[in-house]
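# Observations on the three-dimensional arrangement
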Amino acid sequence: MELVLCNTQSELHPLEEGKHAAESGMDLKAYAEASGKVYTTLSTKHKAWQVLSVTHVSNADARESWRNLAEIRSAPNWLWSALVKQMIESGWTVQVTRDKVASFKDCPAVPEWADSEKVAEALVSATTIETGGKKFPPAHRNPVATHDPAQLPLKPHYLLSH
């Protein structure tokens with residue numbers, strides 16, 4: 001908290017503010033009040049930090065896209081890494097990020113036996129998934145639920161966890 005209140009050299013980056021709020025041990029509303037920050041703005045920064053903290057992306061790579069990270073927070077968390085990666089690679093604006101996230105909002109979780117990271121990357125990048133000679137078209141839904149179960153290979157290697 002002292003860093004937030006006494007930082008005279010420069011303003012903290014929004015991701016740093018979100019991190020400090022997350023790691024303060026305080027309720028977000030109480031933290032906002034104690035630091036003199038607007039709750040809604042701090043909440044956005046906190047959401048951005050929550051997403052960044054669990055992805056495989058460096059702070060430097062996501063620094064300019066912190067508002068996008070806050071939008072990604074509303075997607076199922078198993079999709080966060082894939083969404084952040086695609087957002088950075090494609091240079092999504094906040095509005096594009098919001099639209100992409102909306103298409104995944106109700107996406108159910110993959111089964112426990114599935115490699116959720118690979119499924120997420122395939123869904124987000126809209127790539128065709130190949131398995132055992134069968135091709136599954138890109139879909140913004142659960143890949144298992146979008147196809148007739150009788151048509152799925154017995155053990156689709158793209159879903160198996162390692």
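Everything numeric in this text was worked out from a predicted model, so none of it was measured.

## Overview of the overall build of the protein chain
What the protein chain contains, in helices and strands, is nine helices and two strands. Taking all 162 residues of the protein chain together, the buried fraction comes to 40%. In the protein chain, 57% of the contacts between residues at least 6 apart in sequence involve partners at least 24 apart. Roughly 9500 Å² of accessible area belongs to the protein chain as shown, and the carbon and sulfur atoms make up 49% of that amount.

## Regarding the packing of aromatic side chains
Under the definition given, this model contains zero aromatic pairs. Positioned above the aromatic ring of tyrosine 39 is the side chain of lysine 29, whose terminal nitrogen or guanidinium carbon lies 5.6 Å from the ring centre.

## Overview of the nonpolar core
Grouped together as the largest cluster of nonpolar side chains are 29 residues, with contacts concentrated most on Leu69, Ile72, Trp78, Leu79 and Leu83. For this core, the element with the highest residue contribution is helix H7 (residues 80–90), accounting for five residues. Ignoring any residue separated from it by four or fewer positions in sequence, one finds leucine 79 in contact with Phe104, Cys107, Ala120, Leu123 and Val124.

## Considering the environment of alanine 120
Tracing the backbone shows alanine 120 in helix H9 (residues 116–125). For alanine 120 and alanine 82, which are 38 residues apart along the polypeptide, the C-alpha to C-alpha distance reads 5.9 Å. Beyond its immediate stretch of four places on either side in the chain, alanine 120 contacts Trp78, Leu79 and Ala82.

## Regarding helix H8 (residues 94–104)
For H8, the set of buried residues is Thr97, Val101 and Phe104. All buried residues of H8 fall inside an arc of 55° around its axis, so they share one side. If you follow the buried residues of H8, they end up packed against helix H6 (66–72), H7 and H9.

## Comments concerning the pattern of salt bridges
Oppositely charged side chains may form a pair once their charged atoms are brought near each other. Applying the stated rule across the entire model yields four salt bridges. The salt bridge involving glutamate 17 is made with lysine 37; its shortest N-O contact spans 3.6 Å. Within this pair, whereas glutamate 17 is found in helix H2 (residues 14–23), its partner lysine 37 is found in the loop between helix H3 (28–35) and helix H4 (39–52), the two being separated by 20 residues in sequence. Given the relative accessible area of 5%, glutamate 17 is considered buried. Linking glutamate 17 and lysine 45 is a salt bridge whose minimum nitrogen-to-oxygen distance equals 3.2 Å. With glutamate 17 in helix H2 and lysine 45 in helix H4, the pair connects residues that are 28 residues apart, well separated along the chain. Here the salt bridges share partners, and the residues they tie into one network are Glu17, Lys37 and Lys45.

## Details of the confidence of the model for the protein chain
Residues with a pLDDT of 70 or more make up 72% of the protein chain, whose mean pLDDT is 81. Within the protein chain, the element-level pLDDT minimum falls on strand S2 (residues 134–136), averaging 48, and the maximum on H6, averaging 97. Across residues 133–137 the pLDDT falls below 50, and counting only partners more than four positions away or on other chains, this stretch makes 15 contacts in the model. Of the regions scoring below 50 in pLDDT, residues 139–157 engages in 29 contacts with residues more than four places distant in sequence or in other chains.

Each value, and the rule that gives it
- Residues numbered from 1 in each chain as written.
- Predicted model: local features only at pLDDT ≥ 70, side-chain atom pairs only at ≥ 80, totals over all residues.
- Heavy atoms only, no water.
- Helix = DSSP H or I, 4+ residues; strand = E, 2+ residues; numbered from the N terminus.
- Buried < 20%, exposed > 50% of the residue type's maximum accessible area, 1.4 Å probe, protein only.
- Contact = heavy atoms within 4.5 Å.
- Areas by Shrake-Rupley, 256 points an atom, 1.4 Å probe, with all protein chains shown as cover.
- Phe/Tyr/Trp six-rings, centres within 6.5 Å; stacked < 30°, edge-to-face > 60°.
- Lys NZ or Arg CZ within 6 Å of the ring centre and 35° of its normal.
- Core = buried A, V, L, I, M, F, W, Y, C linked by side-chain atoms within 4.5 Å.
- Arc of directions from axis to C-beta.
- Salt bridge = Lys/Arg side-chain N within 4 Å of Asp/Glu carboxyl O.
- pLDDT = per-residue confidence, 0-100.

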